[in-house]
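# Residue-level structure breakdown
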Amino acid sequence: VTVDLKLVTWNYLNFSIKVPSSTNLFIVEQRIKEQHCGSITKLQLWKTQVHPKNVLKDFSRTLSQEFRLEDAYPTDDTTTTSREADCVIFYDFHPHESDCP
């Protein structure tokens, strides 16, 4: 699946990743940190839109579980083409704090 990762405050830092639907949110979190060279803390994720009810807290869950991809895109053995689901995750963070000048 293609996951669109959108920073809440600055859209020029948005990016996309392509991962299996069985990917845990922990892996998505790590990819976001890698994108920012590890210089972020207190990462917050939201599913589909920024709203308190959409906060993603259990990073052991998979994209498939969070976005109900099995329900939205049922497997049909009679077709040879696979459908691809898009997931949108918004994120925000605090910059790394340091005592170094």
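Quick look at the structure, then. (Residues numbered from 1 in each chain as written. Predicted model: local features only at pLDDT ≥ 70, side-chain atom pairs only at ≥ 80, totals over all residues. Heavy atoms only, no water.)

### Considering the overall build of the protein
Scanning the protein from N- to C-terminus turns up three helices and five strands. Written out in order from the N terminus, the α and β elements of the protein read β-β-α-β-β-α-α-β. Across the 101 residues in the protein, those meeting the buried criterion constitute 33%. Partitioning the contacts of the protein with sequence separation of at least 6, the portion at a separation of at least 24 is 64%. Accessible area for the protein stands at about 7000 Å²; split by element, carbon and sulfur atoms hold 48% of it. (Helix = DSSP H or I, 4+ residues; strand = E, 2+ residues; numbered from the N terminus. Buried < 20%, exposed > 50% of the residue type's maximum accessible area, 1.4 Å probe, protein only. Contact = heavy atoms within 4.5 Å. Areas by Shrake-Rupley, 256 points an atom, 1.4 Å probe, with all protein chains shown as cover.)

### Considerations on the sheet that holds strand 1 (residues 2–7)
Here we have five strands laid out as an open sheet, ordered 2-1-5-3-4, and mixed in their pairing. Strands at the two margins of the open sheet, each flanked by one partner only, are strand 2 (15–18) and strand 4 (55–56). In the sheet, strand 3 (residues 40–47) pairs with strand 5 (residues 86–95) via six bridges, with the strands oriented antiparallel. Among the inter-strand pairings, Thr 41 is bridged to a residue of strand 5, identified as His 94. (Pairing = 2+ DSSP bridges.)

### Regarding the environment of Ile 27
As for its placement among the helices and strands, Ile 27 is situated in helix 1 (residues 25–35). The exposure class of Ile 27 is partly exposed, given its relative accessible area of 39%. A sequence separation of 35 residues divides Ile 27 from Thr 62, and the C-alpha atoms of the two residues are 9.3 Å apart.

### Concerning the nonpolar core
Formed by 22 residues in total, the largest nonpolar core has its most connected members in Val 3, Leu 5, Ile 32, Leu 45, Leu 63, Ile 89 and Tyr 91. Where this core is concerned, the elements lending two or more residues are strand 1, strand 2, helix 1, strand 3, helix 2 (63–67) and strand 5. (Core = buried A, V, L, I, M, F, W, Y, C linked by side-chain atoms within 4.5 Å.)

### Section: the environment of Val 55
By the secondary structure assignment, Val 55 is in strand 4. Sequence separation between Val 55 and Leu 45 is ten residues, and the spatial gap between their C-alpha atoms is 5.9 Å.

### Focus: the side chain of Glu 66
Secondary-structure assignment places Glu 66 in helix 2. On the basis of relative accessibility, which here comes to 14%, the residue Glu 66 falls in the buried class. Not counting the four nearest positions on each side in its chain, Glu 66 is found in contact with Leu 25, Lys 47, Leu 56 and Arg 61.

### A closer look at the pattern of salt bridges
Tallied over the entire structure, the rule returns three salt bridges. Among the ionic pairs, Glu 29 bridges to Lys 33, the shortest N-O distance being 3.6 Å. One end of the pair, Glu 29, and the other, Lys 33, are both in helix 1, four residues apart, so they sit about a helical turn from each other. By relative accessible area, which is 27% here, Lys 33 ends up partly exposed. One salt-bridge network, held together by shared partners, links Lys 47, Arg 61 and Glu 66. (Salt bridge = Lys/Arg side-chain N within 4 Å of Asp/Glu carboxyl O.)

That's the geometry; what it means functionally is another story.
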